[in-house]
Amino acid sequence: MLKKFPKNFIFSTSTCSYQIEGGRLLGGRKHSNWDKFTIENYHIPPEGVAEREIASIDIAADYFHRYKEDAKIMKEIGVNGFAYNMDWARIFPDNENDFNEEGIKFYEEVFKSLNENGIKPIPILYHWDSPLWLEEKGGTSSRVFLNAFRNFSKILFKRLGKYTDIWYVSDENSSYTTSAYLDDYNPPQKKDEKEFWKAIYYLSISGAIAKEEFDKAKEKGYVSKDAILGIDHDWNPAIPYDKNDEDDLKACEIFDEYNLDLFLNPNMLGIFPNCFYEAIEKFNLSDMVLEEDLNLMKKKTLDLIGWNYYRPAIIASPKRLNENIEWHNNPGHFITKEAWIVYPKNERYTAWKWLIKPEYLSIASHVLWEKYNKPLMILENGIGYFDERKDGIVRDDYRIDYLNEHLLEVQKAINEGVPFIGYSLWTYCDIFSPSGGYRKKYGLVGVDFENKTLDRFPKSSMYWYKDVINNLRAFDKDELNYNKYYNEALKSFKTNKIWNKNN
Ligand code: BGP
């Protein structure tokens, strides 16, 4: 029998401003790279198809107007955390110096309302979205990014520091840089390997800059002395296609160097791995790397690791390219051609072909703990699905299964000595998904995008999470009472005034 989660364990949900907030030109905000990207690449596939949808994020789930209502719903779930990034274009709409008081006040109000409902905001400084002015000046692949990021972090620590003691510098530098710089999947759609390595460099240095500002904010009393600052990474642990094949095993090692070391070593250990220096030489980028940057990075390492665990990666060596195996269909996402992601037939996948393998969460958490020796937190974990709404609510037993299986692995890892301090699932409510638009549902709470009211409604999974939090544990499969969660959601929808936004 697994020991329960500790009483101070953080049960949270995560989301992201451009995916939920809306209010694009309200409160003094101006456009960001994601506004431009979604406007220019608008694409709605036929209904019910698991393809990429790029829809308008002008209103999204209208969190901009509904954050108070949402905080009450979160309280009903019982969470004590909410991970969220502050929209940079709302705070610095025009340049790196003039901050928008209305923008920062908005986040003060959001954080206050969370605190009033017993919820600790877990702010993330950067989640893939740059103000347009910054993007036009070179964005994350330019030195301009560093000072702009310093100013951005500084004001956030100063004004929002009193509401929380856990912060993250960035979300998924890995998916961000691969899909935005190696590929043209996400903004700024560069498809340029040299720019990719520049972005890796500046993002890594920006982590150290944020830590420097964080420490100063502590000295000034803006942030509490015991507050911690981490980095969030979406490591996909490598599993060999054939565990007895030396080339597949070698491919896994290479994959991990690019998918793990490259993104965590800089800010956790203060050093870049070899593959970084090889690339610097190959692309003639040695002038970019300054001694003072490297010294700062060494000095200002971060305090914890946020891990976005959705799926591990089954890796094959390139020698198999002629074999009849299903390959990842977007090789542009890969940093190295020495390791390839494959989709063997006998595995479980979501409709969007994301591998489901919960057990690697606990297995691989030991690697993170042994290698970096810092506390861990799951910062994203969830399943994108075509939900069906009936009688006003969604019965999402499949989501309960997915989340519960993963949470059990967190509990198991803690029992084995891995110091997880929290679990923040993806996501609180339905939102705009970069790979599936509004059709790919992730929320514990539904949002009525279909009738365009954007009203919230419960799903069974919301009541599963409430039960987990009340009991401080995940459940064995045969203990899961799907009917109970469904009935609670149904009853709540009919009687609880939290579903009426005017309350
Ligand atoms: C992570 C991102 C999130 C989120 C999630 C699910 O990579 O940090 O922003 O969207 O993945 O991805 P998707 O919505 O594309 O399914």
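First things first, this report covers the structure right here in the doc. (Residues numbered from 1 in each chain as written. Predicted model: local features only at pLDDT ≥ 70, side-chain atom pairs only at ≥ 80, totals over all residues. Heavy atoms only, no water.)

The helix and strand tally for the protein chain stands at 16 helices and 17 strands. Its C-alpha atoms give the protein chain a radius of gyration of 22 Å, within 12% of the compact-globule value 23 Å for 503 residues. Each principal axis of the C-alpha distribution contributes one length, and for the protein chain these read about 65 × 55 × 45 Å. A burial count over the protein chain gives 65% of its 503 residues as buried. Taking contacts inside the protein chain between residues at least 6 apart in sequence as the whole, the part at least 24 apart equals 77%. Approximately 19700 Å² of the protein chain is accessible, and the part contributed by carbon and sulfur atoms is 48%. Side chains of the protein chain carry 67 positive and 79 negative charges; the gap between the two charge centres is 5 Å. (Helix = DSSP H or I, 4+ residues; strand = E, 2+ residues; numbered from the N terminus. Rg over C-alpha atoms; globule rule 2.2 N^0.38 Å. Buried < 20%, exposed > 50% of the residue type's maximum accessible area, 1.4 Å probe, protein only. Contact = heavy atoms within 4.5 Å. Areas by Shrake-Rupley, 256 points an atom, 1.4 Å probe, with all protein chains shown as cover. Lys, Arg positive; Asp, Glu negative; His and termini not counted. Charge placed at Lys NZ, Arg CZ, Asp CG, Glu CD.)

All right, on to the layout of surface pockets then. Its boundaries defined by the atoms lining it, the second largest pocket holds a volume of some 790 Å³. Around the second largest pocket, the lining is made up of 27 residues, and of these E53, Y438, K441, F449 and E450 lie nearest the centre. Looking at the lining of the second largest pocket residue by residue, the class counts come to 13 nonpolar, three polar and 11 charged. (1 Å grid on protein atoms, 1.4 Å probe; cavity = no way out; pocket = protein on both sides within 12 Å on 5 of 7 lines; lining within 4 Å. Points joined across faces, edges and corners; volume = space filled by probe spheres on them. Nonpolar A, V, L, I, M, F, W, Y, C, P; charged D, E, K, R; others polar.)

Here we take up the sheet that holds strand 8 (residues 313-316). Read from one edge to the other, the open sheet built from three strands follows the order 6-8-9, with strand pairing classed as mixed. Only two strands of the sheet have a single partner each, and these edge strands are strand 6 (238-240) and strand 9 (340-341). Bridge count between strand 6 and strand 8: three bridges; the pairing is parallel. Bridge pairing in strand 8 links I239 to I314. (Pairing = 2+ DSSP bridges.)

Once that is clear, we can look at the site of the ligand. In the vicinity of the ligand lie 14 residues, with Q19, E172, S433, S435 and Y442 positioned nearest. In this structure, an oxygen atom belonging to the ligand sits 2.9 Å away from a side-chain N or O atom of H127. Contacts to the ligand include Y442, whose side-chain N or O atom sits 2.6 Å from an oxygen atom. About the coverage of the ligand: the protein hides 94% of its 370 Å² of free accessible area. Tallied by class, the residues present in the shell around the ligand amount to six nonpolar, four polar and four charged. (Near = heavy atom within 4 Å. Polar contact = N/O pair within 3.5 Å; in protein donor to acceptor, adjacent residues only side chain to side chain.)

Quick look at empty space enclosed by the protein now. According to the stated counting rule, one finds three cavities of 30 Å³ or more in the structure shown. The calculated volume of the largest cavity comes to roughly 60 Å³. N173, T177, I200, L203, S204, I231, L262, F263 and N267 are the residues that line the largest cavity. Looking at the lining of the largest cavity residue by residue, the class counts come to five nonpolar, four polar and no charged. Size it by volume and the second largest cavity reaches roughly 40 Å³. Together, Y126, F145, F149, V169, S170, N173, L203, S206 and G207 line the second largest cavity. Secondary-structure elements contributing two or more residues to the lining of the second largest cavity are helix 7 (144-160), strand 4 (166-171) and helix 9 (193-219). Ranked by residue count, the leading element in the lining of the second largest cavity is helix 9, at three residues. Across the lining of the second largest cavity, the residue classes break down as five nonpolar, four polar and no charged.

L156, W197, F420, W464 and Y465 are the most contacted members of the largest nonpolar core, which totals 165 residues. Broken down by element, the residue count for this core peaks at 13 residues, all from helix 9. Among residues more than four places away in sequence, those in contact with F420 are F9, W307, L361, S365, L376, M377, I378, V410, A413 and I414. With nine residues, the next largest nonpolar core counts I10, I122, M377 and L379 among its residues. (Core = buried A, V, L, I, M, F, W, Y, C linked by side-chain atoms within 4.5 Å.)

The subject of this paragraph is the side chain of N117. With respect to the helices and strands, N117 occurs in the loop between helix 5 (101-116) and strand 3 (120-126). Look at N117 and you get buried, because its relative accessible area is 16%. Discounting chain neighbours no more than four positions away, the residues touching N117 are A71, K72 and K75.

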